[in-house]
Structure formats: structure tokens, C-alpha cells
Amino acid sequence: MAFDTDPRAEPVRLSDRVYAILALPAMAFFRLFEWPLRFLQRILGIGAMPYVFLFPNLAFFGIFVITPLILSIGFSVTGGTNLFLQDRPYVGAEQYGYLLECGNHLDPTTCREDRFWRAIYNTGTFVFFQVGFMVLFSLITALILNREIRGRGFFRAVFFFPVLLSPVVVALIWKWILLRDGVLNAALVSMGLERILFFVDPTWSMFWAIFVSVWAHMGFYTLILLAGLQAIPPDLYEAAEMDGTSKERVFWRITLPLLWPNMLVVIVLALIKAVQIFDEVFVLTGGGPGTATQFIVQYIYTTGFANQVQNFGLASAASVVLGVVLFALTIVQLAVTRRKDEG
Amino acid sequence: MTEIKLNKVVKAYGEVEVIHGIDLEIHSGEFVVFVGPSGCGKSTLLRIIAGLEKVSGGEVVIDGEVVNTVPASERGLAMVFQSYALYPHMSVYKNMAFGLENAKMPREEIDKRVTEAARLLQIEPYLQRRPKALSGGQRQRVAIGRAIVRDPKAFLFDEPLSNLDAELRVAMRKELAGLHAKLGGTMIYVTHDQVEAMTLADTIVVLSGGNVAQAGKPLDLYNKPRNTFVAGFIGSPRMNLVEARVAANGTGFDLVSGAQTIRVPEVPGLEAQSSATYGVRPEHIAITGEDDADVTATVELSEQLGGETYLYCSADGLPQLTVHQLGQLPVERGQVIHLKFDRSKMHVFGADGNVLANGLPT
Ligand SMILES: Nc1ncnc2c1ncn2[C@@H]1O[C@H](COP(=O)(O)OP(=O)(O)OP(=O)(O)O)[C@@H](O)[C@H]1O
Ligand SMILES: [Mg+2]
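Residues numbered from 1 in each chain as written. Chains lettered and ligands numbered in written order. Predicted model: local features only at pLDDT ≥ 70, side-chain atom pairs only at ≥ 80, totals over all residues. Heavy atoms only, no water.

An unreviewed UniProt entry lists chain B under the name ABC transporter ATP-binding protein, with Roseibium aquae given as the organism. In UniProt, chain B has this text filed under Sequence similarities (unreviewed entry): "Belongs to the ABC transporter superfamily." Comment text from UniProt for chain B, heading Subcellular location (unreviewed entry), reads "Cell inner membrane". (UniProt positions renumbered as here; feature names shortened; annotations may be inferred.)

With an unreviewed UniProt entry as reference, chain A is termed Sugar ABC transporter permease, source organism Roseibium aquae. Chain A has a UniProt comment under Sequence similarities (unreviewed entry) that states "Belongs to the binding-protein-dependent transport system permease family." UniProt lists a comment for chain A under the heading Subcellular location (unreviewed entry), and it reads "Cell membrane".

Counted under the stated rule, the structure contains 17 salt bridges over all chains. Glu175(B) is the salt-bridge partner of Arg141(B), the closest N and O atoms lying 3.1 Å from each other. You can see Arg141(B) sitting in helix H4 (residues 136–148) and its partner Glu175(B) sitting in helix H5 (residues 166–183), a full 34 residues away along the chain. For Arg141(B), a relative accessible area of 13% puts it in the buried group. The class for Glu175(B) is partly exposed, based on a relative accessible area of 31%. Bridged by salt links that share partners, the residues Arg249(A), Arg253(A), Lys94(B), Glu101(B) and Arg107(B) form one connected network. (Salt bridge = Lys/Arg side-chain N within 4 Å of Asp/Glu carboxyl O. Helix = DSSP H or I, 4+ residues; strand = E, 2+ residues; numbered from the N terminus. Buried < 20%, exposed > 50% of the residue type's maximum accessible area, 1.4 Å probe, protein only.)

Often the size quoted for an interface is simply the accessible area lost on bringing the parts together. Each side of the interface is counted separately: chain B has 26 residues, and chain A has 16 residues. Buried area between chain B and chain A, both sides added, is near 1,800 Å², and the carbon and sulfur share of it is 56%. Among the residues of chain B in contact with chain A, Tyr87(B), His89(B) and Asn102(B) are the three that bury the most area, contributing 27% of the side total. Of the charged contacts, one joins Glu238(A) and Arg47(B) as a salt bridge, the two residues approaching to 2.7 Å between their closest N and O atoms. Put simply, chain B and chain A have nine residue pairs in polar contact (both at pLDDT 80 or more) between them. Put simply, the parts of the chain that give the side of chain B that touches chain A at least two residues each are helix H1 (42–50), strand E6 (77–80) and helix H2 (92–102) of chain B. (Contact = heavy atoms within 4.5 Å. Buried area = accessible area lost by both parts, 1.4 Å probe. Polar contact = N/O pair within 3.5 Å; in protein donor to acceptor, adjacent residues only side chain to side chain.)

The next thing to look at is the UniProt feature "domain: ABC transporter" (unreviewed entry) in chain B. As annotated by UniProt and renumbered to match this structure, "domain: ABC transporter" (unreviewed entry) occupies residues 4–234 of chain B. Taken end to end, residues 4–234 of chain B is 37% helix and 26% strand, and its first and last C-alpha atoms sit 25 Å apart.

What follows is about a nonpolar patch on the surface. Residue and element names in this part refer to chain A. Where nonpolar side chains cluster on the molecular surface, the patch consists of Phe128, Phe129, Phe133, Leu136, Phe137, Ile140, Ile144, Ile149, Phe154, Phe155, Val158 and Phe159 and spans about 1,100 Å² of accessible area. Put simply, the parts of the chain that give the nonpolar patch at least two residues each are helix H6 (114–145) and helix H7 (152–160). In terms of residue count, the dominant contributor to the nonpolar patch is H6 (seven residues). Following the sequence through the fold, Phe154 ends up in helix H7. Judged by its relative accessible area of 55%, Phe154 falls in the exposed class. (Patch = residues over 30% accessible without salt bridge, like charges linked within 9 Å, V, L, I, M, F, W, Y side chains within 5 Å. Areas by Shrake-Rupley, 256 points an atom, 1.4 Å probe, with all protein chains shown as cover.)

Tracing the sequence through the fold places Glu238(A) in helix H11 (residues 234–242). A relative accessible area of 16% places Glu238(A) in the buried class. Among residues more than four places away in sequence, those in contact with Glu238(A) are Arg47(B), Leu52(B) and Phe81(B).

With that settled, the discussion passes to the sheet that holds strand E3 (residues 31–35) of chain B. Residues and elements named next belong to chain B. The six strands are arranged E6-E7-E8-E3-E9-E10 in an open sheet whose pairing can be described as mixed. The sheet is open, and its two edges are formed by E6 and strand E10 (211–216), each paired on a single side. On average, each strand axis in the sheet is tilted by 15° relative to the strand beside it, whichever way the strands run. The pairing of E6 with strand E7 (residues 154–158) spans four bridges and is parallel. Its bridge partner being in E7, Met79 is matched across the sheet by Leu156. Its contacts with the sheet put H4 on E6 and E7, and the angle it makes with E6 is roughly 175°. (Pairing = 2+ DSSP bridges. Axes fitted to C-alpha atoms, helices over the stretch in contact; angles between N-to-C directions.)

All names here are of chain B. According to the domain assignment, chain B contains domain 1 (4–232) and domain 2 (237–358). A straight line from the C-alpha centre of domain 1 to that of domain 2 covers 38 Å. Taken residue by residue, the interface counts ten residues in domain 1 and twelve residues in domain 2. Counting each side, the surface lost to burial between domain 1 and domain 2 is near 890 Å², with a carbon and sulfur contribution of 53%. Linking domain 1 with domain 2 are zero salt bridges, by the criterion used here. Among the elements of the structure, helix H7 (218–223) and helix H8 (228–233) are those that each provide at least two residues to the side of domain 1 that touches domain 2. Counted by class, the side of domain 1 that touches domain 2 contains four nonpolar, four polar and two charged residues. (Domains from an automatic or database assignment. Nonpolar A, V, L, I, M, F, W, Y, C, P; charged D, E, K, R; others polar.)

Further remarks concern the pairing of strand E1 (residues 4–13) of chain B. All names here are of chain B. Of the pairings in the sheet, the one linking E1 to strand E4 (residues 57–62) comprises five bridges and is antiparallel in character. For Leu6, the partnering residue across the bridge sits in E4 and is Val60. Here eight bridges tie E1 to strand E2 (residues 16–26), and the two strands are oriented antiparallel to one another. Note on E2: the bridge partner recorded for Lys5 is Glu25. Linking two consecutive strands that pair antiparallel, namely E1 and E2, is a turn of two residues; a positive phi of about 60° is found at Gly14 within it.

Below is the structure:
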């Protein structure tokens, strides 16, 4: 072959050969599609081929995203307990009315569906503190990891590791630490302190819900911020040093403004994820004590599936409300990232 | 009054020493240019003076005070970076004002200084723009402006013109010279372009491999290079340098390179049977008749610039010789010409590369 004798060709590395061998089964697999695709191209024409390639993904998207979306809108405007849409009577906006009706919107006890409003207030509290701490701690971690410290690679891996764990695993790990007879209480007792029943105290439960979800996802945001920090030219810091800039001013006037696009991405992504919080906290506290850590997604889940009377209509209406909120946040995120790309 | 002194400054990165004990004295108001090939340590030396790098040995003295442990921000120097290093999120005005705000200078004073510098550098129309919206030359001016407003003890420039195109570079070079005349501050300027060095400097410091090869006035370096490195580095086109064997011939020496022999008078320090290098600048080679000639050579390339002519010639045993003649010469490629070296302008270097004679008796 001509390649082999080309003097400019780079020498073939061993790893390349290994990959080439590993790739053989994959190539054999893709060969299977060659004939059907040729056939489709013959009958549909080359212009239709992009759509042929898009079809599988669009089909999945349609079945698992678009259809449920339309169905849940359908469920939210019908009543009764029937599962099949054609058997459910049309009730218009009644479900939404029931969900949103309150004597005083600031006090969940005056609402007709007080569990929903409690979930909203719980979620609000959670989002406020969780996003705040998330941004703060991932920023601090990124700033530290951006320094020339010993074992930097190791620490980066350590902080990113929890991101790779399944939420249920994360929650179980912390549950075993925090239980009445957990590791933490054992440590407290051995130091001569009182045992604390974390999951019986509403404030502690909320605290640990926030703490665990920050711990689990911080690595991801740290990585985004670290990338932003490393994109700041080191020259600027030297110029600032020559300009006699104090450390704090360097942070507030140079690092933070130049990191701001990444910060916005982190804030918005963290917001979206926090509003959707469910699995970790559900496994950790089960929403308790009482409803102290019950959030919107858990409300939807229990209303629709876990209660004795499965109220699909009300659950769907709550989903639609949540969907609208998330949609608005996503629009903000898109606007933010677009501005970053232009800037 | 700003005197900067380096005493036996050494810099090592881990095991690798890149600056090998440099002594240097920079006087107040002087325009000093560090010049040398890539990797010789120019930027490192400048950054050591700035305080952006710590020395591994020796001391840096500014106005009589050893500043080895004084941070860059407190040395009172201003630096213009090769990349300009403008703050991208601040307007031109803010970029220039930033250092002054750090020093908590009153608003009116800041405004006065920035406006003044902007007028001097002709960047007034862009004061509200971001650096992104400026051309390379305009950014360069802003970077210089940022240094000027601080009224520093000395200006440090690291290859400030190397990102500009040739024409703009020449224009900015003139402006910098004018600026130095106007401001009169001490300036240390790093470049690898020896033309920039010759035209701007009061004092040139030629660096080679982490050592000072020679420091002095531009024309002193040109006329009296201390070694073959400086001889070859300063001057464009380069000095012709020829390696030769030395043979005694009764009244003086024969410098023999292959088939070519150049006869020179007695040179102190030159020994028979040793090797040596002689150098002659392109403008010190004359075209003569056959009887008078030192070398008979073939023209390989003739560059006719109108006002002057460059000939690139080859002769057996010699490297390519560059010859510079004023005016226009009817010489063509392949033609054989006879060359004579001006003995009074010839340089002879010993086997170690150090100079034995700059100009020979005739
Ligand atoms: N951080 C560093 N670590 C190790 N070696 C370095 C470091 N910085 C510079 N050097 C080495 O020091 C030597 C001098 O570098 P310096 O940047 O001063 O060269 P220079 O003369 O400015 O070259 P140029 O004209 O290419 O800018 C080089 O050999 C370089 O490899
Ligand atoms: Mg350099």
C-alpha cells in the first residue's frame, strides 16, 4: 500500500494497532447496516438519507418525551381515577384551580392542596441554599485546584468522583453515616457527646438533604469553573501584579468578571437540577420528617403513583406547572450560553 | 533618577540554569535593549527585574535598594507585554486607569493622566471601546498608555512590536524613540531584532545562552565586537566570518581557508599553527582588478536595490560572501569578480572566538 512507504507517515504506535484490532468487531457490526442503507438510498434518493439517519433518535424522542408530554397535558384537564384517557371526563382547568387555590399563598395551611404548596416552599428553600452553597463551594474548590499545589490531579479526581456515583448509592452511603446508629453518631458518642437523631429533626433533615446533594454534584460544577479559570491568560495576572493590584481586587476585578460566563452557566444548570431534586433526598429522608423535605417531584410521584387513590389528573397538572418553570429556566440558560459564545 | 543594577544574577528552573551570573548596570534615563537569539534568556532577565520571577542567586538593586524580596507590585516598574495583556472586560479608559485606582489616586488626577496619555498616543477616540474592538497597533498603544499613566521608575518592554506587521513595526519603533525622548524615563526593551536594537538603544546588551556576550553603545558593538557571536549578530546583513588556519610568513600571517589565503600584518595574540576567524562586513569589501584581489569569486545572486547593491558570492574554501556596494553595478549572476577586504576594518578573532583585533594596521 502507498501509505506504508510514505516517508512522512508517522510510525504506527502499538496503541494504534490495539485499537485497530478492537475496532474489527465494531466494523463487522456496522457492515450489517450497509445493505439496508444502500437499499433505502436507492428507493428514497440521497436527499432523504439525512432523515433516515435522524429517524431512530426522533422516534425515541417522540415516544418517550413528546407523547408523555401531550398525555400529561391531557391527564391534567381530565378528572376521575381512570387510567385510560378516553374514559376520563373533561374537567377543563379544574385540576389547576384545585392545585393553585389558596386563602393566602404565603401560608400553605390555607391552601386547598396544602401538600403541593408545602412542597413548593420546601423546594424553594432547598433551591436557594443548595444553589448558593453549590456555587460557593465549587468556586472555592476550583480556585484552590487551579493553583500549583502538590497532588493536584489526585484532588481533581477526588472531587469529581461523587459525580460518577448513582444518586441512590450516594443517598445510601450518607444514610448509613447519618442514621441513629450510623457512623457519625458512633463518632459523637465515642467523643462523649449526645447522639443526634438527624432524620427526626426537620432542620437537620433539610440540612443533610442540601449537604448531600451539594457533595454529590459539586465536582461537575467545579470542573466547569476550573475550565473557565484556566482559560484566563496568565499574562493578565502578571499585568495586574505590575499594576500593583491587591489579591482581593485581582479576584473581584479580574478573575470573577472573566469567569462570569462560566458562573452563569453553573448557576442556571444548578438551578434546573435543584428544582428537579428527587431521588437522592427521597432515598435519604423519604421526604420526612413529616413533609419537611418533601419536594415538588416527590409530591408528583406520591400523588400519581404512591397514594391509595392514584390521582393522575392532579399529578399531571403539577407536572405541567413544574414543566413551565423548567422551560423558563432553560430559556434563560440558552440565552446565557449563547451570550457566552458570542463574548 | 532610577538606577538598576544586577549583581551576579543567576536563574535556574529546577536543575537547569538559564541565566549564569549576569552583572549589569542601567543608568537613569537610559534606553537599554536586551537582544539575542530565541531562548537566550532575554525575557527571563526582564521578568527578574520586574519581579515576576525570583532570582536563584545574586541580587537585583533598584535605586540602591536590594529588591530580591520586594514583590513586583511594589517595585514601581511598568511592563508592556508581548501579548499586550489588556484586561478584555474593561474599556480602554479602564485599562489605563486600573493601576491608578489600585493606588487610590483621586478621580480627577486619574482622569487627567489618562486623557494626557491618550492624547500623546492618539487613542482618544477609542477610550470607551473594549480592547477586542481595536487593531493590533491600537492595542499596543493602549498597553504603552497603561504603563505611561503610572509614571513608573522604569518601563519594561518584552518584544512589544513582534505582533505587528513590518510597516507598523517601523512606525511604532519611531514613535517609541520619540516617546523616550519626550518622557525621558529609563527603559528596558527586549527584542530579538537587531535593527530595533540598533535604532532604539542607548546601550545594547547582547545576550547569548544566559550570558552577556557584550554590552555597549550600538556603534561600539558594531565597530568593536568583542567576540564572533556579537560580530555575527549585530549588523544586517551579517558580517562575513571566515574560519582559517594561521601560518607565519615572515612579515605577518597568512590566514588560510582551503584554497584561499589572506595576507595580514602582525596581530598581537595571533599564533602560527593555530586556528582563527576573521570577519569583514559587506560594506568593507571592494571590487578591484585581478592583481590587487584578495579573493576571486563567482556572483551567485545580485540584488539591485537602485541606491545600493548586494552581491552574494562564492569562492572555493570560503562560506558565501556578502558584498555591499553603493549605487548600481552592472554585475550579473555567474560573473567572476575580484574582491579586496579593507584591512583597516577587518576583525580577527582567536580560536576561542574572542577578538584579537578590530581593524588591522595597513
Ligand atoms: N518556566 C520555565 N521552566 C523551565 N525553563 C524555562 C522556563 N521559562 C523559560 N525557560 C528556559 O529559559 C531559557 C530562556 O528563556 P526566555 O524566555 O528568557 O528566552 P528569550 O530570550 O526571551 O527567548 P524568545 O526570544 O524566544 O522570547 C529558555 O531556554 C527556556 O527554555
Ligand atoms: Mg522572550
